[in-house]
Amino acid sequence: MAYRHLMKFGLVAGSVCLSFFFLPPSVIAKESYVLDDNLSVIPYFLEGDESYEVADLLSSFMQPESSSNGFPWDTMANSSISWDPNGVHYEDSGAFRKGVLRVNVMDGVSTLLKSKVAELFWTIQLSTEENPNFGANWLYLKPGGGEFSCFGPDSTMCSFDIENSLKNSPLSYEKGEICNPSSQMMHDFFHIRKDGYRDLYVIQEWNGGSGGATTTLYATMAESMLPTNKEPCRY
């Protein structure tokens, strides 16, 4: 199963094609904001919590080489991630666990303009369509969520690139491209390694148009979960 199954859980709603033409991130870049203790945070209960550099966050979810299952459901349970208090949600075709947290990319933060400019939370989700007893197959990360959508002129750093964060971390990586058969678009792909840990495969999915752009990260330790057919993205 490819990562497009995450659409079943509503993870990529709003991140499909938003225009009939696409603009590179540099064309639609806006003023960016950096970590600032004086900047309020949405939601307010995250204020004062740790902000995770994105590469460090990905590293924290990497599992020892001795493990053979997916991401344990209790990964980073006792952390600054505000997980859903109801724990793991079980469905007929799988399970998921969701939370919100503060994330930065080289000290840059996502923001949303309300009465004032505020730092915007990121959504995190672990999910699987297989037996939940073996953990989650996918880790999902994206700025904003729900009624606090990160897209458009009232928000910043909804689109980003994690490569510089990876370069400035102890992780090693190889960069390539991967095809999303649902959107028929190519996206950046990172094969991440850390000594003593299983490899992590991260898809950096960028979608945008004249109204703005968004980036979503999909990470898995199971190479078999990745789409391999590039044919849908040839045209």
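Residues numbered from 1 in each chain as written. Predicted model: local features only at pLDDT ≥ 70, side-chain atom pairs only at ≥ 80, totals over all residues. Heavy atoms only, no water.

Here we come to the packing of aromatic side chains. Centre distance and the angle of the planes are the two values used to describe a pair of aromatic rings. This structure, assessed with the given rule, holds 7 aromatic pairs. Between Tyr 140 and Tyr 218 the ring centres are 6.0 Å apart and the planes differ by 50°, which places this aromatic pair in the tilted class. Residue Tyr 140 is found in strand 11 (residues 138–145), and its partner Tyr 218 is found in strand 17 (residues 212–220); the two are separated by 78 residues along the sequence. A single burial state applies to Tyr 140 and to Tyr 218, both of which are buried. Lying across the ring of Trp 83, Arg 97 places its NZ or CZ 4.4 Å from the centre. (Phe/Tyr/Trp six-rings, centres within 6.5 Å; stacked < 30°, edge-to-face > 60°. Helix = DSSP H or I, 4+ residues; strand = E, 2+ residues; numbered from the N terminus. Buried < 20%, exposed > 50% of the residue type's maximum accessible area, 1.4 Å probe, protein only. Lys NZ or Arg CZ within 6 Å of the ring centre and 35° of its normal.)

Attention now moves to the pairing of strand 14 (residues 172–180). Put simply, side chains in a regular strand alternate between the two faces of the sheet. Both strand 14 and strand 15 (residues 185–193) contribute to a ladder of 9 bridges, which runs antiparallel. Within strand 15, the residue paired with Gly 176 across the bridge is Phe 189. Linking two consecutive strands that pair antiparallel, namely strand 14 and strand 15, is a turn of 4 residues; a positive phi of about 60° is found at Gln 184 within it. (Pairing = 2+ DSSP bridges.)

What follows concerns the state of the cysteines. Per the counting criterion, the structure on display carries 2 disulfides. Residue pairing for Cys 179: its cysteine sulfur links by disulfide to Cys 233, the two sulfurs lying 2.0 Å apart. What sets the handedness of the Cys 179 and Cys 233 disulfide is the S-S torsion sign, and at about 80° it is right-handed. Pair noted here: Cys 179 is in strand 14 and Cys 233 is in the segment after strand 17, with a separation of 54 residues, a long-range link. Among the cysteines of the protein chain that take part in disulfides, numbered as they appear in the sequence, the pairing is 1-2, 3-4. (Disulfide = S-S within 2.5 Å.)

We now examine the environment of Ser 32. One can find Ser 32 in the segment before strand 1 (33–34). Placed 76 residues apart in sequence, Ser 32 and Gly 108 show a C-alpha to C-alpha distance of 6.7 Å.

Let's shift gears to unusual backbone geometry. A cis geometry characterises the amide bond from Ile 42 onward to Pro 43, with omega recorded as -5°. Structurally, the position occupied by Pro 43 is in the loop between strand 2 (41–42) and strand 3 (51–53). Despite not being glycine, Asp 107 has its phi angle at roughly 75°, a positive value. The backbone of Met 157 shows a phi angle near 50°, a positive value even though the residue is not glycine. Here Met 157 lies in the loop between strand 13 (155–156) and helix 2 (163–167).

Take the sheet that holds strand 2 next. Taking strand neighbours across the sheet as the criterion, the 4 strands line up as 2-9-8-13 in an open arrangement whose pairing is mixed. With partners counted over all chains shown, the strands left at the sheet margins are strand 2 and strand 13, one partner each. For strand 8 (residues 111–113) and strand 9 (residues 117–120), the ladder comprises 3 bridges, and the chain directions are antiparallel. In the sheet register, Leu 113 faces strand 9, and the bridge partner there is Val 117.

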